[in-house]
Amino acid sequence: MPFSEVLIAAFAVSALISGSAVYFVRRFALYFNFIDIPSDERKIHKKPTALLGGWAVFFGFTVVIWLSFNTDFFSDFPQKYFIGILLAGALIMIGGSIDDKYNLPAKFQWIFPFLSGLAIVASGIGIDFITNPLGGVVRLDQWNISIFSINGIAYQITVFADLFTIIWLLGMAYTTKFLDGLDGLVSGIGIVASFVVFGISLLPEVNQSHTAILSLALAGACLGFLIWNWHPAKIFLGEGGSLLIGFMLGVLSIISGGKIATALLVMGIPILDVLWVIGRRLFIEKRSIFQADRKHLHFRLLDAGFTVPQSVGIFLSLSALFGGLAIILRGKDKLLLLLGTILAMILLVGFVVKKYQKENKKTLA
């Protein structure tokens, strides 16, 4: 089968599997009471809504990987990578489902995502170096600790590389987790970011057929779910799904040649929003970063008078803009684009504040 047809099939099949799986996942969630009840100001939905939607994304994504694995396009993709991705995704979804059911305390919520990070580095996926946009690289693979040896093959921990990889994956996972407050927002971001990774995979200096297929599989899985998750949502991603999408985007950015800067740019606005929220909770309000509130930018957009689809559209448009530019630009230009992302965030916040004040004046009048 020609490569172009494989790409189309990967996207279409994952979307079909994910969209179809939502029906069954939703019935399961409703029957076994995996339900999000609108009980505080952060809940924009009006009636109890099914959780566990992330399982549909997981099924669509992993089934396509399974179907594609033995093709020529995955000839240079180690089997242990596939096992690591499958195990990591399953761990996140299992942990998230437990949290959806029993509302785990914050001190336990990090365990399954951390184990997922360990599964990825144990499979050999990692960040060995960071490219300096001003020139040169920073090596992370210089300090190795041997754990054991089998048949003369040493198994070891690459301390800084493995640690940085886990931090990166957790950072991406928790960005989408904290972002998951509006219908269609995280699944929409997943589609946009996956297409950016797809574009990177086709660049001459990367030229990875397997990463192109994987990214379209994730995009299709997110699209199949988004059909059910668009406002007003019939099902939510749940804790596992909101973590899964960011985590897998983090994995794809690594195996597509360590394009960390590109991932930072396509996720720039959400990441900056999360950093601001974490900083405010820690240093200003002096409380747990996991204690949710309604002060994220996406909620501010609602308070300023934007509808849910409009607010989601703003996020997706900015992510597509910066992600598209990140594919084109190189080196120092990406650093300038990162500064541009920060400036865009500041301008957007200023615009939202002014519109919010204007809307309040109308209400008082």
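Definitions and cut-offs
- Residues numbered from 1 in each chain as written.
- Predicted model: local features only at pLDDT ≥ 70, side-chain atom pairs only at ≥ 80, totals over all residues.
- Heavy atoms only, no water.
- Helix = DSSP H or I, 4+ residues; strand = E, 2+ residues; numbered from the N terminus.
- Rg over C-alpha atoms; globule rule 2.2 N^0.38 Å.
- Buried < 20%, exposed > 50% of the residue type's maximum accessible area, 1.4 Å probe, protein only.
- Expected span 1.5 Å × (residues − 1).
- Contact = heavy atoms within 4.5 Å.
- Salt bridge = Lys/Arg side-chain N within 4 Å of Asp/Glu carboxyl O.
- Phe/Tyr/Trp six-rings, centres within 6.5 Å; stacked < 30°, edge-to-face > 60°.
- Lys NZ or Arg CZ within 6 Å of the ring centre and 35° of its normal.
- Axes fitted to C-alpha atoms, helices over the stretch in contact; angles between N-to-C directions.
- Parallel < 35°, antiparallel > 145°, perpendicular 65-115°, else oblique.
- Left-handed = near helix turned anticlockwise from the far one by under 90°.
- Nonpolar A, V, L, I, M, F, W, Y, C, P; charged D, E, K, R; others polar.

Asks: Please clarify how the overall build of the protein should be interpreted in this entry.
Replies: Along its length, the protein carries 14 helices and six strands. In summary, the protein has a C-alpha radius of gyration of 20 Å against a globular reference of 21 Å for 365 residues, a match within 12%. Along the three orthogonal principal directions, the C-alpha set of the protein runs to about 75 × 50 × 45 Å. In the protein, buried positions account for 50% of the 365 residues.

Asks: Please explain helix 6 (residues 159-179) as it appears in this structure.
Replies: Working note: α-helix, 3.6 residues per turn, so residues spaced by three or four point in the same direction. Over its 21 residues, helix 6 extends 30 Å from the first C-alpha to the last, a length consistent with the 30 Å expected when each residue adds 1.5 Å. Counting buried positions along helix 6 yields 15 of 21 residues, so the element is predominantly enclosed.

Asks: Sorry if this is basic, but what is going on with the side chain of Lys-177 here?
Replies: Residue position: Lys-177 is located in helix 6. When near neighbours in sequence (up to four residues on either side) are disregarded, Lys-177 contacts Gln-109, Glu-239, Ser-242 and Leu-243.

Asks: For this particular structure, what's the right way to read the pattern of salt bridges?
Replies: When their charged atoms lie close together, side chains carrying opposite charge are able to pair. Here the structure, examined in full by the defined rule, presents three salt bridges. Here Arg-139 ties to Asp-141 by a salt bridge, and the two come within 2.6 Å at their closest N and O atoms. We classify Arg-139 as partly exposed; its relative accessible area is 40%. A salt bridge links Glu-239 to Lys-177, with the nearest nitrogen and oxygen atoms 2.7 Å apart. With Glu-239 in helix 9 (residues 238-255) and Lys-177 in helix 6, this residue pair connects regions lying 62 residues apart in the sequence. Lys-177 sits in the buried class, given a relative accessible area of 16%.

Asks: Explain the packing of aromatic side chains here, please?
Replies: Ring pairs (aromatic) are described by centroid distance and by the angle formed between their planes. A complete count under the given rule lists 18 aromatic pairs for this structure. On the basis of an interplanar angle of 55° and a centroid distance of 6.4 Å, the ring pair of Phe-69 and Phe-74 is categorised as tilted. Residue classification places Phe-74 among the buried residues on the basis of a relative accessible area of 3%. Geometrically, the ring pair formed by Phe-77 and Tyr-81 is edge-to-face, given 5.5 Å between the ring centres and 85° between the ring planes. When its relative accessible area of 4% is taken as the criterion, Phe-77 is described as buried. Taken together through their ring pairs, the aromatic side chains of Trp-66, Phe-69, Phe-74, Phe-77, Tyr-81 and Phe-82 make up a single cluster. The ring of Phe-34 is capped by Lys-101, whose NZ or CZ atom sits 5.1 Å from the centre of that ring. The lysine or arginine in question, Arg-281, covers the ring of Phe-178, its NZ or CZ lying 5.9 Å from the ring centre.

Asks: Help me understand unusual backbone geometry, please; the structure alone is not making it clear to me.
Replies: It is generally the case that most residues other than glycine have a negative phi and that most peptide bonds are trans. At the junction of His-231 and Pro-232, the peptide bond is cis and its omega measures out at -5° in the coordinates. Position of Pro-232 among the secondary structure elements: in the loop between helix 8 (209-229) and helix 9. Unlike most non-glycine residues, Asn-103 shows phi in positive territory, near 50°. Mapping Asn-103 onto the fold places it in the loop between helix 3 (79-102) and helix 4 (106-109).

Asks: Looking at this model, I keep getting lost on the environment of Phe-236. Mind explaining?
Replies: Secondary-structure assignment places Phe-236 in the loop between helix 8 and helix 9. As for Phe-236 and Phe-322, which are separated by 86 residues in sequence, their C-alpha atoms are 27 Å apart.

Asks: It is not clear to me how the packing of helix 5 (residues 111-122) against helix 9 should be interpreted in this structure. Could you clarify?
Replies: With their axes 12 Å apart at the nearest point, helix 5 and helix 9 run at an angle of 25° to one another. Considering their axes alone, helix 5 and helix 9 lie roughly parallel with respect to each other. In terms of crossing hand, the pair formed by helix 5 and helix 9 is right-handed. Residue-level inspection shows Pro-113, Ser-116, Gly-117 and Ile-120 of helix 5 in contact with helix 9, the latter providing Leu-243, Phe-247 and Val-251. Grouping the amino acids of the contact of helix 5 with helix 9 by side-chain chemistry returns five nonpolar, two polar and no charged.

So yeah, pure geometry; function would need other evidence.
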